[in-house]
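So you can see what is in the structure, the chains are spelled out below.
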Amino acid sequence: MQMPQTDNSSRNGAPVPAANWSPQQQTARMLALCEAQMEAATQDSDAAVDTLVAAFTELMNAVRDLGNMSKANATDPTQSKALDDINNRCNQLSSQVAAAVMAFQFYDKLSQRLGHVRYSLSTMALFICDRSNSQRPEHWEKLLSTLGRLYRTAEEREIFDSIAGSLSLRVDNSEEPLSKEMSDAGSIELF
Amino acid sequence: MSSVILAVDDSASMRQMVRFTLESAGYEVIQAADGVEALDYAKGGKADLVLTDVNMPRMDGLTLVRELRGLSSYKGIPILVLTTEAGQETKAQGKQAGATGWIVKSFNPEQLLATIQRVL
(Lines give C-alpha, C1' and ligand atoms only; values in the text may rest on other atoms or scores of the structure.)
Protein backbone atom coordinates (compact mmCIF):
# COMPACT_ATOMS: atom_id res chain seq x y z
CA MET A 1 0.00 0.00 0.00
CA GLN A 2 1.35 3.36 -0.91
CA MET A 3 1.61 5.70 2.06
CA PRO A 4 0.39 9.24 1.58
CA GLN A 5 3.33 11.61 1.26
CA THR A 6 3.72 14.11 4.11
CA ASP A 7 5.32 17.51 3.94
CA ASN A 8 8.49 16.19 5.57
CA SER A 9 9.30 13.06 3.60
CA SER A 10 9.75 12.07 0.00
CA ARG A 11 8.53 8.91 -1.71
CA ASN A 12 11.69 7.06 -0.68
CA GLY A 13 11.40 8.18 2.96
CA ALA A 14 14.14 10.78 2.85
CA PRO A 15 13.21 14.04 4.58
CA VAL A 16 12.14 16.84 2.30
CA PRO A 17 13.37 20.26 3.34
CA ALA A 18 10.87 22.95 4.22
CA ALA A 19 10.31 25.69 1.69
CA ASN A 20 12.62 28.07 3.53
CA TRP A 21 15.43 25.52 3.90
CA SER A 22 18.92 26.71 3.04
CA PRO A 23 22.42 25.86 4.25
CA GLN A 24 22.55 29.32 5.83
CA GLN A 25 19.30 28.78 7.75
CA GLN A 26 20.49 25.38 8.93
CA THR A 27 23.84 26.78 10.07
CA ALA A 28 22.04 29.58 11.91
CA ARG A 29 19.82 27.03 13.68
CA MET A 30 22.85 24.96 14.65
CA LEU A 31 24.56 28.07 16.04
CA ALA A 32 21.36 28.95 17.93
CA LEU A 33 21.37 25.44 19.41
CA CYS A 34 24.96 25.88 20.62
CA GLU A 35 24.10 29.27 22.08
CA ALA A 36 21.03 27.89 23.88
CA GLN A 37 23.05 25.00 25.36
CA MET A 38 25.67 27.41 26.65
CA GLU A 39 23.05 29.72 28.11
CA ALA A 40 21.33 26.87 29.95
CA ALA A 41 24.63 25.50 31.27
CA THR A 42 25.69 28.96 32.45
CA GLN A 43 22.39 29.56 34.25
CA ASP A 44 22.58 26.19 36.01
CA SER A 45 26.18 26.84 37.01
CA ASP A 46 25.39 30.38 38.23
CA ALA A 47 22.94 29.04 40.79
CA ALA A 48 25.33 26.29 41.93
CA VAL A 49 28.29 28.65 42.27
CA ASP A 50 26.24 31.24 44.17
CA THR A 51 25.26 28.52 46.65
CA LEU A 52 28.86 27.33 46.91
CA VAL A 53 30.18 30.83 47.52
CA ALA A 54 27.50 31.54 50.13
CA ALA A 55 28.37 28.27 51.92
CA PHE A 56 32.09 29.09 51.77
CA THR A 57 31.67 32.57 53.24
CA GLU A 58 29.43 31.21 56.03
CA LEU A 59 32.02 28.55 56.78
CA MET A 60 34.88 31.02 56.91
CA ASN A 61 32.87 33.40 59.09
CA ALA A 62 32.29 30.49 61.48
CA VAL A 63 36.03 29.71 61.48
CA ARG A 64 36.80 33.34 62.27
CA ASP A 65 34.26 33.36 65.14
CA LEU A 66 35.71 30.13 66.49
CA GLY A 67 39.21 31.62 66.41
CA ASN A 68 38.02 34.73 68.24
CA MET A 69 36.25 32.61 70.88
CA SER A 70 39.34 30.50 71.50
CA LYS A 71 41.48 33.64 71.84
CA ALA A 72 38.98 35.17 74.27
CA ASN A 73 39.16 32.06 76.50
CA ALA A 74 42.90 31.51 76.16
CA THR A 75 43.49 32.50 79.80
CA ASP A 76 41.61 29.46 81.09
CA PRO A 77 44.46 27.11 82.19
CA THR A 78 42.25 24.01 82.17
CA GLN A 79 41.52 24.41 78.47
CA SER A 80 44.69 26.05 77.19
CA LYS A 81 45.96 23.08 75.13
CA ALA A 82 42.63 22.55 73.37
CA LEU A 83 42.15 26.28 72.76
CA ASP A 84 45.66 26.57 71.34
CA ASP A 85 44.91 23.71 68.97
CA ILE A 86 41.66 25.31 67.85
CA ASN A 87 43.38 28.63 67.35
CA ASN A 88 46.20 27.10 65.30
CA ARG A 89 43.72 25.20 63.14
CA CYS A 90 41.68 28.37 62.54
CA ASN A 91 44.85 30.25 61.54
CA GLN A 92 45.78 27.48 59.10
CA LEU A 93 42.32 27.63 57.51
CA SER A 94 42.38 31.43 57.33
CA SER A 95 45.67 31.35 55.45
CA GLN A 96 43.92 29.37 52.69
CA VAL A 97 41.19 31.99 52.31
CA ALA A 98 43.04 34.27 49.89
CA ALA A 99 43.67 31.38 47.50
CA ALA A 100 40.04 30.31 47.71
CA VAL A 101 38.74 33.85 47.12
CA MET A 102 40.91 34.15 44.02
CA ALA A 103 39.89 30.73 42.74
CA PHE A 104 36.18 31.50 43.10
CA GLN A 105 36.60 34.59 40.94
CA PHE A 106 37.60 32.46 37.97
CA TYR A 107 33.97 31.44 37.59
CA ASP A 108 32.98 35.07 37.16
CA LYS A 109 35.56 35.43 34.39
CA LEU A 110 34.45 32.17 32.81
CA SER A 111 30.79 33.15 32.67
CA GLN A 112 31.74 36.53 31.22
CA ARG A 113 33.83 34.86 28.52
CA LEU A 114 31.06 32.39 27.72
CA GLY A 115 28.68 35.34 27.45
CA HIS A 116 30.93 36.85 24.79
CA VAL A 117 31.05 33.56 22.88
CA ARG A 118 27.25 33.26 23.07
CA TYR A 119 26.88 36.78 21.70
CA SER A 120 29.33 35.93 18.90
CA LEU A 121 27.33 32.82 17.97
CA SER A 122 24.01 34.66 17.80
CA THR A 123 25.55 37.55 15.85
CA MET A 124 27.07 35.06 13.43
CA ALA A 125 23.70 33.31 13.01
CA LEU A 126 21.99 36.57 12.07
CA PHE A 127 24.86 37.48 9.77
CA ILE A 128 24.83 34.35 7.66
CA CYS A 129 21.03 34.41 7.27
CA ASP A 130 21.42 37.61 5.31
CA ARG A 131 22.55 36.30 1.92
CA SER A 132 23.95 39.67 0.91
CA ASN A 133 26.58 39.30 3.64
CA SER A 134 28.18 35.98 2.80
CA GLN A 135 29.45 37.08 -0.62
CA ARG A 136 30.91 40.36 0.53
CA PRO A 137 34.35 40.12 2.12
CA GLU A 138 34.12 43.63 3.56
CA HIS A 139 31.04 42.56 5.54
CA TRP A 140 33.00 39.62 7.00
CA GLU A 141 35.76 42.06 7.88
CA LYS A 142 33.26 44.31 9.66
CA LEU A 143 31.81 41.31 11.53
CA LEU A 144 35.28 40.29 12.67
CA SER A 145 35.96 43.79 13.89
CA THR A 146 32.60 43.94 15.74
CA LEU A 147 33.19 40.61 17.45
CA GLY A 148 36.78 41.58 18.22
CA ARG A 149 35.56 44.49 20.33
CA LEU A 150 33.81 42.01 22.63
CA TYR A 151 37.04 40.38 23.71
CA ARG A 152 38.54 42.80 26.20
CA THR A 153 40.27 40.66 28.78
CA ALA A 154 43.94 39.89 28.23
CA GLU A 155 43.22 36.16 27.87
CA GLU A 156 40.43 36.69 25.31
CA ARG A 157 42.49 39.20 23.41
CA GLU A 158 45.44 36.87 23.14
CA ILE A 159 43.30 34.17 21.52
CA PHE A 160 41.57 36.68 19.27
CA ASP A 161 44.85 38.21 18.12
CA SER A 162 46.37 34.83 17.37
CA ILE A 163 43.45 33.74 15.17
CA ALA A 164 42.07 36.99 13.79
CA GLY A 165 45.11 37.47 11.55
CA SER A 166 44.21 34.43 9.48
CA LEU A 167 40.57 35.56 9.21
CA SER A 168 41.29 39.13 8.28
CA LEU A 169 41.63 40.41 4.72
CA ARG A 170 44.15 42.95 5.84
CA VAL A 171 47.75 42.09 5.06
CA ASP A 172 49.10 44.98 7.08
CA ASN A 173 50.08 43.45 10.40
CA SER A 174 52.22 46.35 11.52
CA GLU A 175 49.91 47.12 14.45
CA GLU A 176 50.87 45.55 17.74
CA PRO A 177 48.29 43.07 19.01
CA LEU A 178 46.09 44.70 21.67
CA SER A 179 46.91 41.98 24.19
CA LYS A 180 50.45 43.35 24.43
CA GLU A 181 49.18 46.53 26.08
CA MET A 182 46.87 44.80 28.51
CA SER A 183 47.33 44.42 32.22
CA ASP A 184 47.68 41.11 33.96
CA ALA A 185 44.94 39.78 36.22
CA GLY A 186 45.28 41.23 39.69
CA SER A 187 47.17 44.32 38.55
CA ILE A 188 46.37 47.54 40.39
CA GLU A 189 46.88 51.06 39.09
CA LEU A 190 46.06 54.22 40.98
CA PHE A 191 45.49 57.32 38.84
CA MET B 1 33.16 53.77 63.39
CA SER B 2 34.02 51.56 60.42
CA SER B 3 34.20 52.98 56.90
CA VAL B 4 31.31 52.22 54.58
CA ILE B 5 32.12 50.73 51.17
CA LEU B 6 29.61 50.61 48.35
CA ALA B 7 30.38 47.44 46.31
CA VAL B 8 28.79 47.28 42.87
CA ASP B 9 28.82 44.13 40.71
CA ASP B 10 26.15 42.27 38.74
CA SER B 11 27.63 38.89 39.70
CA ALA B 12 26.20 37.63 43.00
CA SER B 13 29.26 35.45 43.67
CA MET B 14 31.64 38.38 43.08
CA ARG B 15 29.60 40.55 45.45
CA GLN B 16 29.84 37.80 48.06
CA MET B 17 33.62 37.53 47.63
CA VAL B 18 34.10 41.29 47.88
CA ARG B 19 31.76 41.55 50.86
CA PHE B 20 33.47 38.68 52.66
CA THR B 21 36.91 40.20 52.09
CA LEU B 22 35.92 43.69 53.19
CA GLU B 23 33.82 42.65 56.19
CA SER B 24 36.67 40.43 57.40
CA ALA B 25 38.78 43.59 57.55
CA GLY B 26 36.12 45.46 59.52
CA TYR B 27 34.47 47.53 56.80
CA GLU B 28 30.73 47.94 56.49
CA VAL B 29 29.60 46.87 53.03
CA ILE B 30 26.59 48.09 51.03
CA GLN B 31 25.94 45.97 47.94
CA ALA B 32 24.41 47.00 44.61
CA ALA B 33 23.83 44.80 41.55
CA ASP B 34 24.29 47.53 38.93
CA GLY B 35 24.90 51.23 38.40
CA VAL B 36 21.24 52.20 38.78
CA GLU B 37 20.97 50.49 42.16
CA ALA B 38 24.25 52.04 43.30
CA LEU B 39 23.23 55.52 42.20
CA ASP B 40 19.87 55.16 43.97
CA TYR B 41 21.74 54.39 47.18
CA ALA B 42 24.29 57.16 46.64
CA LYS B 43 21.59 59.83 46.23
CA GLY B 44 20.33 59.16 49.73
CA GLY B 45 23.19 57.42 51.54
CA LYS B 46 26.85 58.03 52.20
CA ALA B 47 29.78 55.77 51.41
CA ASP B 48 33.45 56.37 52.15
CA LEU B 49 34.59 54.45 49.08
CA VAL B 50 32.98 52.92 45.99
CA LEU B 51 34.23 49.72 44.38
CA THR B 52 32.57 49.07 41.03
CA ASP B 53 32.61 46.62 38.15
CA VAL B 54 32.44 47.98 34.57
CA ASN B 55 30.18 45.68 32.54
CA MET B 56 26.76 45.63 34.16
CA PRO B 57 23.17 45.77 32.90
CA ARG B 58 21.10 48.98 33.08
CA MET B 59 24.05 51.23 33.95
CA ASP B 60 27.72 50.35 33.46
CA GLY B 61 30.49 51.19 35.88
CA LEU B 62 32.01 54.07 33.93
CA THR B 63 28.64 55.83 33.64
CA LEU B 64 28.20 55.27 37.37
CA VAL B 65 31.57 56.92 38.08
CA ARG B 66 30.56 59.96 36.02
CA GLU B 67 27.16 60.16 37.74
CA LEU B 68 28.71 59.85 41.20
CA ARG B 69 31.24 62.59 40.47
CA GLY B 70 28.25 64.79 39.65
CA LEU B 71 26.91 64.38 43.20
CA SER B 72 28.41 66.85 45.66
CA SER B 73 28.77 64.21 48.39
CA TYR B 74 30.73 61.86 46.09
CA LYS B 75 33.02 64.39 44.41
CA GLY B 76 35.99 63.66 46.65
CA ILE B 77 35.55 60.05 47.71
CA PRO B 78 37.75 57.30 46.23
CA ILE B 79 36.16 55.23 43.47
CA LEU B 80 38.01 52.05 42.52
CA VAL B 81 37.11 50.08 39.41
CA LEU B 82 37.31 46.30 39.79
CA THR B 83 36.93 44.65 36.41
CA THR B 84 38.11 42.01 33.96
CA GLU B 85 38.66 44.84 31.45
CA ALA B 86 42.39 45.18 31.06
CA GLY B 87 42.90 47.39 28.01
CA GLN B 88 44.63 50.75 28.24
CA GLU B 89 41.84 52.46 26.31
CA THR B 90 39.09 51.45 28.75
CA LYS B 91 41.38 52.29 31.64
CA ALA B 92 41.92 55.76 30.19
CA GLN B 93 38.14 56.16 29.92
CA GLY B 94 37.87 55.24 33.59
CA LYS B 95 40.48 57.79 34.56
CA GLN B 96 38.71 60.44 32.51
CA ALA B 97 35.38 59.55 34.12
CA GLY B 98 36.90 60.26 37.53
CA ALA B 99 37.93 56.85 38.86
CA THR B 100 40.66 56.82 41.50
CA GLY B 101 42.16 53.50 40.47
CA TRP B 102 41.82 50.37 38.36
CA ILE B 103 42.04 46.80 39.61
CA VAL B 104 41.98 43.90 37.16
CA LYS B 105 40.10 40.78 38.33
CA SER B 106 40.82 38.33 39.81
CA PHE B 107 41.66 40.36 42.91
CA ASN B 108 44.00 39.24 45.65
CA PRO B 109 42.22 39.97 48.98
CA GLU B 110 45.34 41.29 50.71
CA GLN B 111 46.25 43.57 47.81
CA LEU B 112 42.69 44.83 47.55
CA LEU B 113 42.62 45.70 51.25
CA ALA B 114 46.03 47.39 51.04
CA THR B 115 44.84 49.51 48.11
CA ILE B 116 41.65 50.49 49.93
CA GLN B 117 43.63 51.47 53.01
CA ARG B 118 45.90 53.56 50.84
CA VAL B 119 43.14 55.59 49.19
CA LEU B 120 40.79 55.99 52.15
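Residues numbered from 1 in each chain as written. Chains lettered and ligands numbered in written order. Predicted model: local features only at pLDDT ≥ 70, side-chain atom pairs only at ≥ 80, totals over all residues.

**Q** Account for the overall build of chain B, with residues named and values stated.
**A** Along chain B, the regular secondary structure elements total five helices and five strands. Secondary structure elements of chain B, listed N to C terminal, follow the sequence β-α-β-α-β-α-β-α-β-α. For 120 residues, the compact-globule estimate of 2.2 N^0.38 gives 14 Å, and chain B sits close to it at 13 Å. If you line up chain B on its principal axes, its C-alpha atoms span 30 × 30 × 25 Å. (Helix = DSSP H or I, 4+ residues; strand = E, 2+ residues; numbered from the N terminus. Rg over C-alpha atoms; globule rule 2.2 N^0.38 Å.)

**Q** Account for the nonpolar core, naming residues and giving values.
**A** Counting residues in each nonpolar core, the largest one holds 40 residues, and the members touching the most others are L6, V8, L51 and I103 of chain B. If we skip the residues at most four places from it in the chain, I103 of chain B touches I188 of chain A together with L80, V81, L82, L112 and T115 of chain B. (Core = buried A, V, L, I, M, F, W, Y, C linked by C-beta atoms within 7 Å. Buried ≥ 20, exposed ≤ 12 C-beta atoms within 10 Å, placed from the backbone. Contact = placed C-beta atoms within 7 Å.)

**Q** Any details on the interface of chain A and chain B? Residues and values, ideally.
**A** Listed per partner, the contact involves 33 residues of chain A and 31 residues of chain B. Sorting the residues of the side of chain A that touches chain B by element identifies α1 (23-72), α3 (97-129) and β1 (188-190) of chain A as the ones contributing at least two each. Residue contributions to the side of chain A that touches chain B peak at 11 residues, all from α3 of chain A. In the side of chain A that touches chain B, the residues fall into 18 nonpolar, seven polar and eight charged. Relative to strand β5 (residues 101-104) of chain B, β1 of chain A runs antiparallel, the two sharing three bridges. Considered in β5 of chain B, the bridge of E189 of chain A is made with W102 of chain B. (Nonpolar A, V, L, I, M, F, W, Y, C, P; charged D, E, K, R; others polar. Pairing = 2+ DSSP bridges.)

**Q** Give a detailed account of the sheet that holds strand β2 (residues 28-32) of chain B, specifying residues and quantitative values.
**A** The strand order across the open sheet built from six strands is β1(A)-β5(B)-β4(B)-β3(B)-β1(B)-β2(B), with neighbouring strands paired in mixed fashion. If you trace the sheet from one side to the other, it starts and ends with β1 of chain A together with β2 of chain B, each paired once. On average, each strand axis in the sheet is tilted by 20° relative to the strand beside it, whichever way the strands run. Sitting on the sheet, helix α5 (residues 109-119) of chain B touches β1 of chain A together with β3 (49-52), β4 (79-83) and β5 of chain B, and the angle it makes with β5 of chain B is about 175°. (Axes fitted to C-alpha atoms, helices over the stretch in contact; angles between N-to-C directions.)

**Q** Now, about the confidence of the model for chain A: what can you tell me, with residues and values included?
**A** Taken over all residues, the pLDDT of chain A has a mean of 80, while the share at 70 or more is 85%. Confidence drops under pLDDT 50 across residues 1-6 of chain A; counting only partners more than four residues distant or on other chains, this segment forms one contact. (pLDDT = per-residue confidence, 0-100.)

**Q** Requested: an account of the pairing of strand β1 (residues 4-8) of chain B, with residues and values cited.
**A** Residue and element names in this part refer to chain B. Within β1, four of the five residues are buried, which leaves it mostly tucked inside the rest of the structure. Across five bridges, the pairing between β1 and β2 is parallel. For V8, the partnering residue across the bridge sits in β2 and is A32. Once you follow β1 into helix α1 (residues 12-24) and on to β2, the crossover reads as right-handed. Inspection of the sheet shows β1 paired to β3 by four bridges, in the parallel sense. Residue A7 lies in a different strand from β3, and its bridge partner there is L51. (Right-handed = clockwise from strand over helix to strand, strands pointing away.)

**Q** Just give me the short version of the pairing of β4 of chain B, but keep the residues and values in it.
**A** Residue and element names in this part refer to chain B. Of all the five residues making up β4, five are buried; the element is thus mostly covered by neighbouring parts of the structure. Side chains I79, V81 and T83 project from β4 onto one buried face, and the interleaved L80 and L82 project onto a second face that is buried too. Relative to β4, β3 runs parallel, the two sharing three bridges. Opposite V50, over in β4, you have I79 as the bridge partner. The parallel pair β3 and β4 is bridged by helix α3 (residues 61-69), and the resulting crossover is right-handed. Bridge count for β4 against β5 is four bridges, and the pairing is parallel. Residue T83 lies in a different strand from β5, and its bridge partner there is V104.

**Q** I'd like a description of unusual backbone geometry, backed by residues and values.
**A** All names here are of chain B. A cis geometry characterises the amide bond from K105 onward to S106, with omega recorded as 10°. By the element assignment, S106 lies in the loop between β5 and α5. Phi is positive for R58, close to 65°, though the residue is something other than glycine. Tracing the sequence through the fold places R58 in the loop between β3 and α3. The exposure class assigned to R58 is exposed, which follows from the 12 C-beta atoms found within 10 Å.

**Q** I'd like a rundown of the confidence of the model for chain B, residues and numbers included.
**A** Looking at chain B, pLDDT values average 93 and 99% of them are 70 or higher. The ipTM value of the predicted complex is 0.79, and its pTM value is 0.77.

**Q** Quick rundown of the environment of K81 of chain A? Include the residues and the values.
**A** Mapped onto the secondary structure, K81 of chain A falls in helix α2 (residues 80-95). For the pair K81 of chain A and L33 of chain A, spaced 48 residues apart in the sequence, the C-alpha separation amounts to 61 Å.

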